[in-house]
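# Overview (structure and organization)
For reference, the chains in residue letters:
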Amino acid sequence: MKSISYTITDELGIHARPAGLLVKLAGGYQSAITVIKDGKEANAKRIMALMGLSATKGTEITVKVEGPDEDEAVRAVEEFLKANL
């Protein structure tokens, strides 16, 4: 299992556009990708779960990746977060 922490910098937090892009990215990997905020977990392959976290600007999230392609997936998610959120 791999994990990273990230603080949201986007003014709108995790909203529809980046959530949709993250779901698409996560769907390309076999690994389970979970986003955690304040102990609440969301499957990164489900848009409503991600948006339900209500992660706003300044919120710290943890992304946990577990599976056969976790090394590649965690790198891709980290790059995505830095570029989009």
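The rules behind the values
- Residues numbered from 1 in each chain as written.
- Predicted model: local features only at pLDDT ≥ 70, side-chain atom pairs only at ≥ 80, totals over all residues.
- Heavy atoms only, no water.
- Axes fitted to C-alpha atoms, helices over the stretch in contact; angles between N-to-C directions.
- Helix = DSSP H or I, 4+ residues; strand = E, 2+ residues; numbered from the N terminus.
- Parallel < 35°, antiparallel > 145°, perpendicular 65-115°, else oblique.
- Left-handed = near helix turned anticlockwise from the far one by under 90°.
- Contact = heavy atoms within 4.5 Å.
- Nonpolar A, V, L, I, M, F, W, Y, C, P; charged D, E, K, R; others polar.
- Buried < 20%, exposed > 50% of the residue type's maximum accessible area, 1.4 Å probe, protein only.
- Pairing = 2+ DSSP bridges.
- Salt bridge = Lys/Arg side-chain N within 4 Å of Asp/Glu carboxyl O.

## A few points about the packing of helix α1 (residues 16-27) against helix α3 (residues 70-84)
- Between α1 and α3, whose axes approach to 11 Å, the crossing angle comes to 165 degrees. Accordingly, the angle class assigned to the pair α1 and α3 is roughly antiparallel. Of the two elements, α1 crosses α3, and the hand of that crossing is right-handed. Together, Arg17, Pro18, Leu21, Leu22 and Leu25 of α1 and Ala76, Val77, Phe80 and Asn84 of α3 make up the contact between the two elements.
- Along the lines of polarity and charge, the residues of the contact of α1 with α3 split into seven nonpolar, one polar and one charged.

## Brief notes about unusual backbone geometry
- Although it is not a glycine, aspartate 38 adopts a positive phi angle of roughly 50 degrees.
- Along the chain, aspartate 38 falls in the loop between β2 (32-37) and β3 (40-43).
- The class of aspartate 38 is exposed, set by a relative accessible area of 70%.
- Look at serine 54: it is not a glycine, yet its phi comes out positive at around 50 degrees.
- Inspection of the secondary structure puts serine 54 in the loop between α2 (47-51) and β4 (60-66).

## Structural notes on the pairing of β2
- For β2, the buried fraction is high: five of the six residues fall into the buried class.
- Relative to β4, β2 runs antiparallel, the two sharing five bridges. Bridging across to β4, threonine 34 finds its partner in lysine 64.
- Direction of pairing for β2 relative to β3: antiparallel, over a ladder of four bridges.

## Let's talk about the pattern of salt bridges
- Per the stated rule, a full pass over the model turns up five salt bridges.
- Notably, a salt bridge pairs lysine 57 with glutamate 11, separated by 2.6 Å at the nearest N-O pair. Of this pair, lysine 57 sits in the loop between α2 and β4 while glutamate 11 sits in the loop between β1 (2-7) and α1; the two residues are 46 residues apart in sequence, bridging distant segments of the chain.
- For the salt bridge of glutamate 78 with lysine 82, the shortest nitrogen-to-oxygen distance reads 3.8 Å. With glutamate 78 and lysine 82 both in helix α3, this residue pair falls four residues apart, about one helical turn.
- The class for glutamate 78 is partly exposed, based on a relative accessible area of 31%.
- On the basis of relative accessibility, which here comes to 58%, the residue lysine 82 falls in the exposed class.

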